[in-house]
Amino acid sequence: MSDQPVDEPIGALETVHTFDSGPMPTGVSVSAQGRIFVNFPKWGDDVVFTVGEIRDGTVVAYPDQRWNTPDGDDDPRAFVSVQSIVVDPADRLWVLDTGSPMFRETQVCGPKLVCIDLATDTVERTICFDRSAALPTTYLNDVRFDLRRDVAYITDSSDKGPNGIIVVDLASGTAWRRLHDHPSTKAETAPGFLPVVEGAPFMERPEDGPPKPVTMGADGIAIAADGSRLYYCPLMSRRWYSVSTEALCDRTLSDDEVAATVTDEGDKGGVADGLETDDQGRLYLTNTEHNAILRRLPDGTIETVVHDPRLLWPDTMSVAADGHLYVTANQLHRQATYQGGKDLRRYPYSLFRVRIDAGPVRLT
């Protein structure tokens, strides 16, 4: 039989770690010293610890098992179900706790932001969000930091309630919502929108009953290298947007005045779960429809960084000081929720990296 042409990979994807058993990972972040942290949300897998560190080829509970053993969904001294972990410009690890195992309605102090001192591996502070910032339906998805303003920005990707951006004053712990249920934060629901992953329409497919669209909103988030704009995208959309960070932080502005600073950044070439930025002002987008990571240059040109069949649902990215972009691939679309009740995921899940010869944005 003669050789047939096949889809060719682009870029050099390097395996960093394989998850050969246990739950699927979502987030990854790499410290200035090269320590690698990952997290595992409670979506139905057996999650022994929801935050871990990869040490000598093994994932261990971080900072310890006690912090990964909550006493209920409102425990302020333990992680309930973590969706994202991010090392900030001061080399502290921040844990974004959804407080929402199995996407349950949240309890007060379930949704929270926890800061860990990496020098001592101890929790430094916990910011619990009140009901004005984290609604019962809120699902905290990802976070970025600007330490010049001493603020954090968080996406609310809920598929059961309003979406938006949550702004956190890190000094006081006060948080407020912006772009609350703004169209740019919502999933596309037009009849003509149909995401396709691994050649099949990506929809919720219950074991009994008809398929229905996935409705998760504001998900990916990245901050401009100069801190002036915050980029974000709904999970279910091929478009992405940016908003003025000055407007987000100015509490004297009305919601309409903040919304007036939103820019439609255009078609990003596919559904994206994660966004990231490097210190050269380039923006990275995962592309779950094409097993790829794309990059937008400062002049607006979009190019492919890597395209590889192993990138089965590239999820979260982290630009590290070692000049690499790290990314998790977790086969999210193969979960039973999207496959008629059949779990089609196969081990291993993977953590990859690709050289980009750039470093992380450090707004300090």
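Presented here is an overview of the structure given in this document. (Residues numbered from 1 in each chain as written. Predicted model: local features only at pLDDT ≥ 70, side-chain atom pairs only at ≥ 80, totals over all residues. Heavy atoms only, no water.)

Observations concerning the nonpolar core
- In terms of nonpolar packing, the biggest core is built from 30 residues, with Phe202 and Met236 touching the most fellow members.
- Elements with a contribution of two residues or more to this core: β2 (28-30), β3 (36-39), β5 (58-61) and β26 (349-355).
- Leaving out residues up to four positions away in the same chain, Phe202 has contacts with Pro195, Val196, Val197, Val214, Met236, Trp313, Leu332, His333 and Tyr338. (Core = buried A, V, L, I, M, F, W, Y, C linked by side-chain atoms within 4.5 Å. Buried < 20%, exposed > 50% of the residue type's maximum accessible area, 1.4 Å probe, protein only. Helix = DSSP H or I, 4+ residues; strand = E, 2+ residues; numbered from the N terminus. Contact = heavy atoms within 4.5 Å.)

Considering the state of the cysteines
- As enumerated under the stated definition, the model contains 1 disulfide in all.
- Covalently, Cys109 is tied to Cys128 through a disulfide, its sulfur atoms 1.7 Å apart. Residues Cys109 and Cys128 share a disulfide whose torsion about the S-S bond is about 45°; that sign makes it right-handed. In this pair, Cys109 is assigned in the loop between β7 (92-97) and β8 (112-117) and Cys128 in strand β9 (residues 122-128), connecting sequence segments 19 residues apart.
- The class for Cys109 is buried, based on a relative accessible area of 12%.
- With no disulfide of its own, Cys115 lies closest to Cys128 among cysteine sulfurs, the gap being 14 Å.
- No disulfide involves Cys233; its sulfur sits 20 Å from that of Cys249, the nearest cysteine. (Disulfide = S-S within 2.5 Å.)

Digging into the pattern of salt bridges
- For the coordinates displayed, the defined rule picks out 28 salt bridges.
- Its salt-bridge partner being Asp73, residue Arg104 comes within 3.0 Å of it at the nearest N-O pair. A residue pair is termed long-range when its members are at least 10 positions apart, and Arg104 in the loop between β7 and β8 and Asp73 in the loop between β5 and β6 (82-87) qualify at 31 residues.
- The partner of Asp146 in a salt bridge is Arg149, with the nearest N and O atoms 3.7 Å apart.
- With a relative accessible area of 0%, Asp146 lands in the buried category. (Salt bridge = Lys/Arg side-chain N within 4 Å of Asp/Glu carboxyl O.)

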